[in-house]
Amino acid sequence: MIGKLLPPPIAVREAFGDPEVPQMYPEERAVVANAVPERQREFGTVRVCARGALEELGFPPGPILPGAARAPRWPAGAVGAMTHCRGYRAAAVAHAADVLTIGLDAEPHLPLPDRGVRDLVTLPEERATLDRLGLLRPEVCWDRLLFSAKESVYKAWYPLAGRWLDFEEAVVTIDPDDATFHARLLVDGPVVDGQPLKGFDGRWLVESGLVVTAIAVVR
């Protein structure tokens, strides 16, 4: 699925289930040693996906450990993102010489649990858009899609800025016709290639009971 959102030069891998014992390096097993089995399997499977994508680009295999803010520490010269939700794991990576950053998120295609959660992760203008889109195309869980887009925004933002981005610090506009979205930053972004970062453009997909969003900032 993510191959439809992130074409070359980005390498992608995905899995719709876990092996009973995913292949992990000892350092990776140590990270989730005290986690429940389901967490261990999803942690391992998404790293198997990431290593497969890295291998496609010529990177040697090795452990992929969480770093600051739990973001994955990629090999030197690589950028990427990983995501997992129930029944789905995916990774996307690229050479840093080709791509500045990647954001990727997958969620079950279900409404957010309640209106309180929706209000917590959205801004008033976004909620007005969600109401309009819900009338236009009620078959899409627009609140979950917007939440996923903001998760992708954060994953693309953090490697460039090195700091947290709250839900209210970016406003996301969804285009229902061409399956894209734009995130406008409401805080000062880092300088990227000599220009201050103002926002991100991404794409979205609803398929197989999932909503997937992705961002790639190509050099």
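About the thresholds
Residues numbered from 1 in each chain as written. Predicted model: local features only at pLDDT ≥ 70, side-chain atom pairs only at ≥ 80, totals over all residues. Heavy atoms only, no water. Salt bridge = Lys/Arg side-chain N within 4 Å of Asp/Glu carboxyl O. Helix = DSSP H or I, 4+ residues; strand = E, 2+ residues; numbered from the N terminus. Buried < 20%, exposed > 50% of the residue type's maximum accessible area, 1.4 Å probe, protein only. Pairing = 2+ DSSP bridges. Axes fitted to C-alpha atoms, helices over the stretch in contact; angles between N-to-C directions. Core = buried A, V, L, I, M, F, W, Y, C linked by side-chain atoms within 4.5 Å. Contact = heavy atoms within 4.5 Å. 1 Å grid on protein atoms, 1.4 Å probe; cavity = no way out; pocket = protein on both sides within 12 Å on 5 of 7 lines; lining within 4 Å. Points joined across faces, edges and corners; volume = space filled by probe spheres on them. Phe/Tyr/Trp six-rings, centres within 6.5 Å; stacked < 30°, edge-to-face > 60°.

(A) Examining the pattern of salt bridges more closely. Counted according to the given criterion, the structure contains 16 salt bridges. Where glutamate 126 meets lysine 150, a salt bridge forms, and the shortest distance between an N and an O atom there is 2.9 Å. Residue glutamate 126 is found in helix 4 (residues 124-136), and its partner lysine 150 is found in helix 5 (residues 142-161); the two are separated by 24 residues along the sequence. Connected through shared salt-bridge partners, Asp18, Arg39, Glu42 and Arg89 make up one network.

(B) Geometry of unusual backbone geometry. In this chain, proline 8 is followed by proline 9 through a cis amide linkage whose omega measures 15 degrees. Relative to the helices and strands, proline 9 is located in the segment before strand 1 (11-15). Unlike most non-glycine residues, alanine 179 shows phi in positive territory, near 55 degrees. With respect to the secondary-structure elements, alanine 179 resides in the loop between strand 5 (170-175) and strand 6 (180-185). What makes alanine 179 partly exposed here is its relative accessible area of 23%. Even without glycine at this site, aspartate 193 takes up a positive phi of about 50 degrees. Mapping aspartate 193 onto the fold places it in the loop between strand 7 (191-192) and strand 8 (195-196).

(C) Region of the structure containing the sheet that holds strand 1. Taken in spatial order, the three strands of this open sheet run 1-3-2, and their pairing is antiparallel. Either end of the sheet is taken by a strand with one partner, and the two such strands are strand 1 and strand 2 (78-85). Looking at each pair of strands side by side, their axes are set apart by 10 degrees on average, direction ignored.

(D) Seen up close, the nonpolar core. Ranked by internal contacts, the top residues of the largest apolar core, which has 26 residues, are Trp142, Trp157, Ile174, Phe181 and Phe200. Mapped onto this core, the elements with two or more residues apiece are helix 4, helix 5, strand 5, strand 6, strand 9 (199-207) and strand 10 (210-218). The leading source of residues in this core is helix 5, at nine residues. Isoleucine 174 has contacts with Leu133, Trp142, Leu145, Leu146, Thr180, Phe181 and Trp204, leaving out every residue within four places of it along the chain. By size, the runner-up hydrophobic cluster in this structure holds 20 residues, among which are Ile10, Cys85, Ala92 and Ile102.

(E) Just the layout of surface pockets, in detail. Estimates place the volume of the largest pocket at around 830 Å³. The wall of the largest pocket is formed by 36 residues, among which Arg70, Ala71, Pro72, Met82 and Lys155 lie closest to the centre. In terms of residues, the lining of the largest pocket owes the most to one element, helix 5, which gives eight residues.

(F) The packing of aromatic side chains, seen in detail. For the structure on display, the rule yields five aromatic pairs. Note on tryptophan 142 and tryptophan 204: the rings are 5.5 Å apart at their centroids and 80 degrees apart in plane angle, and the pair reads as edge-to-face. Of the two residues, tryptophan 142 sits in helix 5 while tryptophan 204 sits in strand 9, which places them 62 residues apart along the sequence. Residue class for tryptophan 142 comes out buried when judged on its relative accessible area of 3%. Under the relative-accessibility criterion, tryptophan 204 is labelled buried at 6%. With a centroid separation of 5.8 Å and an interplanar angle of 45 degrees, the aromatic rings of tyrosine 154 and tyrosine 158 are classed as tilted. With tyrosine 154 and tyrosine 158 both in helix 5 and four residues apart, the pair spans about one turn of that helix. Residue class for tyrosine 154 comes out buried when judged on its relative accessible area of 14%.

(G) Region of interest: the side chain of glutamate 107. Residue placement: glutamate 107 occurs in strand 4 (residues 99-108). Residues in contact with glutamate 107, not counting those within four places in the same chain, are Cys85, Arg144, Phe147, Ser148, Glu151, Gly209, Leu210 and Val211.

Function-wise, these values are silent; they only describe arrangement.
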